[in-house]
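Report on the structure
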Amino acid sequence: MWPKVTVVIVNWNGERFLDQCLSAVLAQTVIPNEIILVDNASSDASLGIVERFPSVRVLSQNKNLGFARANNLAIQVSAIDSEWIALLNPDAFPEPHWLEALLSAARENSDFDVFGSKLVNAADPSVLDGVGDAYHISGLVWRERSEVSQQGGDFLTREIFSPCAAAALYRRQIVVDAGGFDEDYFCYVEDVDLGFRLRLAGHKAMYVPDAVTHHVGSATTGGQHSDFSVYHGHRNLVWTFVKDMPGGVFWLLLPLHVAMNLVALVVFTLRGQGRVILRAKWDAIKGLPKMWRKRQLVQSTRITTVREIWRLMDKQIVPAR
């Protein structure tokens, strides 16, 4: 008997992906107990597509809540007896054994509470889209093993810092206890922030190579280098470092974090996105008082040692991204 699981999909103008995504969910070898789709006021024909799937519960919004708040809403109204929440992006198409592989990993690894999928490029499955989120000591984040061909180690289960929420499984109660996603983020890096906070609370994350999902990636936000993605991603990087980096390590690494942000300003200015990166960093700075108050709460409930967090962070001299 499989535990009860709710699949949550947050959609905004994902019309061209929804049929394939929902069909893939309903073709799983383990059918979820419920599927909740939050539609963030799509202006395309998304809702018409979803009507073809009567088993899907639709929460239609009159404005774009963002990824963080929409997921929190779905988790809040999900069945109270759902032990697990599986998050899936509308541009992510899981293979039939995806959910079974995640639940099997959860059953066999009771000391883990978070499980990430193997994301592969939807256009070329031989190329990885990521095996989890890496967190560098500078505060930079990226999807580990993204845009490279699969190799032997990519077929092995292992611990990761946190999963990419495009296709991930979370024990429902720990997400509720953590307060869910930070809604100030709107979207981007909110999954790393949640993963970091869950880490600080003593919960571990595992990469499950048999949970394969074909992912387009940033399909409705203009791509990874769009102004929208750059703004939210680089604003939220700062907030995540301030909120989550524990203890004395925060002050030790703060100069490196500042340097990383200065480099980002130069790099994106040279790319012609100087205005957007400046706005991202300025808004990050304006939000620091609020994030510092959040930090006090996050750090006051930390039970994981600083040594353990240090072990899990990427410490390359030059970050991979």
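Just above, that's the structure.
Below: a short report on this structure. As the structure is a computational prediction, the values presented were derived from the model and not from experiment.

Let us now look at the overall build of the protein. The secondary structure content of the protein amounts to 11 helices and 12 strands. A globule of 321 residues ought to have a C-alpha radius of gyration of about 20 Å, and the protein, at 19 Å, matches this closely. By principal-axis analysis of the C-alpha atoms, the protein measures approximately 50 × 40 × 40 Å. Counting contacts in the protein only where the partners sit at least 6 residues apart, residues at least 24 apart contribute 77% of the total. A total accessible area of about 13800 Å² is found for the protein, and carbon and sulfur atoms account for 57% of it.

On to the pairing of strand S1 (residues 5-11). Among the 7 residues in S1, 7 count as buried, and that is most of the element. Two strands pair when backbone bridges link them, and S1 and strand S4 (residues 84-88) are joined in this way by 5 bridges, in the parallel orientation. In the strand pairing of S4, valine 8 is matched with leucine 87. Where S1 and strand S2 (residues 34-39) come together, 6 bridges link them in parallel fashion. Considered in S2, the bridge of valine 10 is made with valine 38. At this point the chain moves from S1, through helix H1 (residues 15-26), to the parallel S2, and the crossover so formed is right-handed.

Turning next to the packing of helix H8 (residues 247-270) against helix H9 (residues 274-286). For any two helices packed against each other, one specifies the inter-axial angle together with the distance between the axes. Relative to each other, H8 and H9 sit at 155°, their axes nearing to 7 Å. Regarding the angle of H8 to H9, the classification is roughly antiparallel. The two elements H8 and H9 cross, and the hand of that crossing is right-handed. Along the contact surface, H8 presents Asn261, Ala264, Leu265, Phe268 and Thr269, while H9 presents Gly274, Ile277, Leu278 and Lys281. Grouping the amino acids of the contact of H8 with H9 by side-chain chemistry returns 5 nonpolar, 3 polar and 1 charged.

Mapped onto the fold, arginine 143 is located in strand S9 (residues 141-143). For arginine 143, a relative accessible area of 18% puts it in the buried group. Among the polar contacts listed, one links the side chain of arginine 143 to the backbone oxygen of aspartate 129, at a separation of 2.7 Å.

With that settled, consider the packing of aromatic side chains. For the structure shown, the criterion picks out 13 aromatic pairs. An aromatic cluster is defined as three or more aromatic residues linked by ring pairs; in this entry it consists of Phe241, Phe250, Trp251 and Trp292. Above the plane of the ring of tryptophan 2 lies arginine 107, whose end atom (NZ or CZ) is 4.4 Å from the centre.

Inspection of the secondary structure assignment puts serine 117 in strand S6 (residues 114-121). Through-space distance from the C-alpha of serine 117 to that of alanine 168 is 6.0 Å; in sequence the pair is 51 residues apart. For serine 117, the contacting residues outside a window of four places in its chain are Trp98, Leu102, Gly130, Val131, Ala167, Ala168, Tyr207, Val208, Ala211 and Thr213. Here the side chain of serine 117 touches tryptophan 98 through a polar contact of 2.8 Å, side chain to side chain. Polar contacts involving the side chain of serine 117 include one to the main-chain carbonyl oxygen of alanine 167, which spans 2.8 Å.

What follows is about H9. Look at H9: 18 Å from first C-alpha to last across 13 residues, which is about the 18 Å you get at 1.5 Å a residue. For H9, the set of buried residues is Gly274, Val276, Ile277, Ala280, Lys281, Asp283 and Ala284. Among the structural elements, helix H7 (227-244), H8 and helix H10 (288-300) are those in contact with the buried residues of H9.

On to helix H4 (residues 98-108), then. Burial of H4 is extensive: 8 of the 11 residues sit out of reach of the surface. Within H4 the residues assigned to the buried category are Trp98, Leu99, Ala101, Leu102, Leu103, Ser104, Ala105 and Ala106. Considering only its buried residues, H4 is in contact with S1, S4, strand S5 (92-94), S6, strand S11 (167-171) and strand S12 (205-215).

Core analysis: the largest hydrophobic core is formed by 37 residues, its most contacted members being Ile9, Leu88, Trp98, Phe115, Leu169 and Val208. The dominant element in this core, judged by the number of residues it contributes, is H4, at 7 residues. With near-sequence residues (within four places) excluded, leucine 169 lies in contact with Val5, Trp84, Ile85, Ala86, Leu102, Leu103, Ala106, Asp113, Val114 and Phe115. Formed by 30 residues, the second largest nonpolar core is a distinct cluster that contains Val8, Ala70, Val114 and Leu198.

Let us look at the side chain of arginine 199. For arginine 199, the location among the structural elements is in helix H6 (residues 190-200). In this structure arginine 199 comes out as buried when scored by relative accessible area, which is 3%. There is a polar contact of 2.8 Å between the side chain of arginine 199 and the side chain of glutamate 159. Here isoleucine 160 takes part through its backbone oxygen, which lies 2.5 Å from a polar atom of the side chain of arginine 199.

In this section: the environment of valine 127. Mapped onto the elements of the fold, valine 127 is located in the loop between S6 and strand S7 (128-130). Its relative accessible area of 19% is what places valine 127 among the buried residues. Excluding its chain neighbours within four sequence positions, the residues that come into contact with valine 127 are Val120, Asn121, Glu147, Val148 and Ser149.

Analysis parameters
- Residues numbered from 1 in each chain as written.
- Predicted model: local features only at pLDDT ≥ 70, side-chain atom pairs only at ≥ 80, totals over all residues.
- Heavy atoms only, no water.
- Helix = DSSP H or I, 4+ residues; strand = E, 2+ residues; numbered from the N terminus.
- Rg over C-alpha atoms; globule rule 2.2 N^0.38 Å.
- Contact = heavy atoms within 4.5 Å.
- Areas by Shrake-Rupley, 256 points an atom, 1.4 Å probe, with all protein chains shown as cover.
- Buried < 20%, exposed > 50% of the residue type's maximum accessible area, 1.4 Å probe, protein only.
- Pairing = 2+ DSSP bridges.
- Right-handed = clockwise from strand over helix to strand, strands pointing away.
- Axes fitted to C-alpha atoms, helices over the stretch in contact; angles between N-to-C directions.
- Parallel < 35°, antiparallel > 145°, perpendicular 65-115°, else oblique.
- Left-handed = near helix turned anticlockwise from the far one by under 90°.
- Nonpolar A, V, L, I, M, F, W, Y, C, P; charged D, E, K, R; others polar.
- Polar contact = N/O pair within 3.5 Å; in protein donor to acceptor, adjacent residues only side chain to side chain.
- Phe/Tyr/Trp six-rings, centres within 6.5 Å; stacked < 30°, edge-to-face > 60°.
- Lys NZ or Arg CZ within 6 Å of the ring centre and 35° of its normal.
- Expected span 1.5 Å × (residues − 1).
- Core = buried A, V, L, I, M, F, W, Y, C linked by side-chain atoms within 4.5 Å.

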